[in-house]
Each structure stands twice: as structure tokens, then as C-alpha cells.
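Observations on the model geometry
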Amino acid sequence: MSPIPLLQVATPFSTGTGVYLAQYALVVTNEHVVRSNSTVVIEGADLTEQLAEVVYLDAAYDLAFLRPRSFPEVPPLPFSQEAAGVGDPVRTVGQYLGEPVRHVEGRLTAVGVELNGTAYLRHTAREGETLIGGVLLDAQGQLRGINMMNAREHPGETLALPAATVSEVLDTFGRGEGRPAARCFYCREVTFELAANPKGFCPSCGKPLVLPSLVEEVLPTGVEATIEAIIRAAGHDPRLARRGPNLWRIRQGSATIQVTYHEDSGLVTGDAYLCQLPEMPPAEVFAYLLRENDRLQQLTFSTYGRDIILSLLIYDRYLSLETALPRFEALFAQADAYDDVLVNTYGAGWR
């Protein structure tokens, strides 16, 4: 069975899950995840982070389509053609940001569940909360649906939009020959972008309608703007670094640096996740980290489990491009260098 091309989707406001459908060259995700963004970040197991254009918005079904700039060749994910029945085995494949992909087995408990004029499947293939945006597969590994929300009347179960509905929406979008489009929440008509489109209103019913071209690029303000200015000055694209509210992730060589703004405390942290300790780490590696902590200025080593982390702390009241940039540049540069030393000299393992 081929791996599912599952992706993480991130904006300055939220994160979610998407799936790449090779037969359409599109990523399917949730509208509420990408709302108010013209481009979003996508990444996956075989896909380095990239910006993807939002080309379809559908608040009625909570669907959105993204057009990647490039994507590795993967086989199409087939849609289940058999009628769904209560008791059918199903499997959810989903992922929370920064966590491994989860595979959860379950069964369909209801079909044709009506909610706000839309029919859903209900199932038990979940652990804890619904893996929203994850795929629901049948016993043959074919797409049965897209997980959308908790089934409020049935705790511990999930509502999924059937694959047939997803296919119908994709086919409708395909009739626009690549033009961005949006579905009106009120009359449910799909409008394709044209030069004559009335700005901000559905041409069918006159109610408010947000077409992808009307979504302006997000411009951060305040501390977030300063952090993104620092990331840009350090040679990285802050748009690619966005991982949800007040969170950015930067790759520097072999190291991954996570920048977080904690609004309540006013603390800005930069945590560089380096290599991992061996299963039986020698005492010399800890002695080395302690010596470096005595020598370093404004940076500190710590360990969490087997992770080795190099951290920078600074309060927002002291945060400016002039004062903070040298500190972050030092973190970015030294993180990659320390990775090499720890692996080559002390036997640490690459992440």
C-alpha cells in the first residue's frame, strides 16, 4: 500500500492537515485553516516546506484547495466507489503539527448524517480529538472521506465529509480550468474569478463572498513584525517559517530552530533542536555541554529526553532588530556548527 501524501498546513493564525491528490495536482484541506490567507505553508515527509497558493474557498463544506508550486511524483489516491455501510471498517490517517503521522482503526457507525444541509459519515476511527483534515480510508486503502469535526451528539466519534462529495466539489472546481473560485455560503453557488466579478459579493444572490484574489497577504504587526524582520535579516523567508500563532520554525543546515513568542510573559525564545544523545550517552558529552554553557554568552544548552537543545531567551521589551539580530544570528550559526561537533566527536545521532 502506497504511503498517504499527508501534509501539514500552517498560517500565522492556525495549523491543520491536508492531503495531496495527484490526479488533481491539488492539496485538499479545511477552509477554516487557510481562511484570511492568500498563500500558506505546506510540508510533508517527502516535501520541504514551500508556499502554496489558495485557489478555492468553500465555507459551506469547510473545504479549501491549495496549488503547490512543485510536488514529488506520487501515485493518485483512489476514491472509494463502494457504497458506505454501517459497520464497515475504516482507518484515519492524520497528524498534529510536529507529531508523527497517526493511523487509527475504527468502524462506520452511521451514514447520511445531516448537519446544516450536508450529509456526513460518522465513525470511531479516532484517538482523543478528531484529526481534522486527515483522510478516512476504507478497507482497501481508498479515500472514504475527509475528517471534519467531532460528532457532538456522539462523544468519541467523528463526522467525515464523504469522498463522493469531495469528488463532486473537485470536479466543479475543475470546470473553471484552473481559475480560482469560491462557493457562496448562502446560495451554495460556485463563482470563478473573472475581471467582471463584483468585488466581495456573490453574483448569484448578492450576499458577501470572498474570492481568493480578494484575500490580502498577511502583514504582521508589533512583536510579530519585529520577529519576522529578524528572521528576514538573518537570511530566511519568514512566510515559510510561520507555524501558527506566535510560532516560527527555521531550518539552518542540519538544525531546526523554533522561535516562540509567549505573550503572557513577554518572553521570546529561540530553541535550536540539534542532534540526539546516544541511547547510552558517554559522560564526556554532558561534560562538554556544561563547559560550553560556562563559555557561551546569551545561549544555553539543555536536554529533553534524548534531544539536545540550544536556547536563546529575550524579553519583548528588549526586542528590536538592532539588539536581537546579532543574538539570533549567533543561534542560527552555532546551532549548525554544534550539530557537527556533537555527532562527529561525541557520537550523537542526527535527527
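See the structure above.
Summarised in this report is the structure supplied together with it. (Residues numbered from 1 in each chain as written. Predicted model: local features only at pLDDT ≥ 70, side-chain atom pairs only at ≥ 80, totals over all residues. Heavy atoms only, no water.)

Applying the stated criterion to the full structure yields 10 aromatic pairs. Their ring planes at 15° and their centres at 3.7 Å tell us that tyrosine 20 and phenylalanine 71 sit as a pair that is stacked. One end of the pair, tyrosine 20, is in strand S2 (residues 15-21); the other, phenylalanine 71, is in the loop between strand S6 (63-68) and strand S7 (89-94), and 51 residues separate them in sequence. Aromatic side chains tyrosine 24 and phenylalanine 79 sit 6.4 Å apart centroid to centroid with 65° between the ring planes, which places their arrangement in the edge-to-face category. Of this pair, tyrosine 24 sits in the loop between S2 and strand S3 (26-29) while phenylalanine 79 sits in the loop between S6 and S7, and the two are 55 residues apart along the sequence. Three or more aromatic residues joined by ring pairs make a cluster, and in this case those are Tyr288, Phe301, Tyr338 and Tyr346. Above the plane of the ring of tyrosine 186 lies lysine 207, whose end atom (NZ or CZ) is 4.8 Å from the centre. (Phe/Tyr/Trp six-rings, centres within 6.5 Å; stacked < 30°, edge-to-face > 60°. Helix = DSSP H or I, 4+ residues; strand = E, 2+ residues; numbered from the N terminus. Lys NZ or Arg CZ within 6 Å of the ring centre and 35° of its normal.)

What follows is about unusual backbone geometry. If you check the backbone angles, arginine 188 has positive phi at about 70° while not being a glycine. Following the sequence through the fold, arginine 188 ends up in the loop between strand S13 (181-183) and strand S14 (190-192). Residues other than glycine seldom take positive phi values, yet asparagine 246 does so here, at roughly 60°. For asparagine 246, the position within the fold is in the loop between helix H4 (238-241) and strand S15 (247-252). Given a relative accessible area of 15%, asparagine 246 falls into the buried group. (Buried < 20%, exposed > 50% of the residue type's maximum accessible area, 1.4 Å probe, protein only.)

Spatially, the 5 strands line up as an open sheet ordered S15-S16-S17-S19-S18, and their pairing is antiparallel. Strand pairing shows two members of the sheet lacking a second neighbour, S15 and strand S18 (300-304), which therefore form its edges. Ignoring which end each strand starts from, the neighbouring axes of this sheet average 25° apart. Across the sheet, helix H5 (residues 283-295) touches S18 and strand S19 (307-315), and the angle it forms with S18 is around 145°. (Pairing = 2+ DSSP bridges. Axes fitted to C-alpha atoms, helices over the stretch in contact; angles between N-to-C directions. Contact = heavy atoms within 4.5 Å.)

This next bit is on helix H2 (residues 163-174). Under the 1.5 Å per step criterion, the end-to-end length of H2 is 16 Å for 12 residues, consistent within 8% with the ideal 16 Å. Burial in H2 covers these residues: Ala163, Thr165, Val166, Ser167, Val169, Leu170, Thr172 and Phe173. (Expected span 1.5 Å × (residues − 1).)

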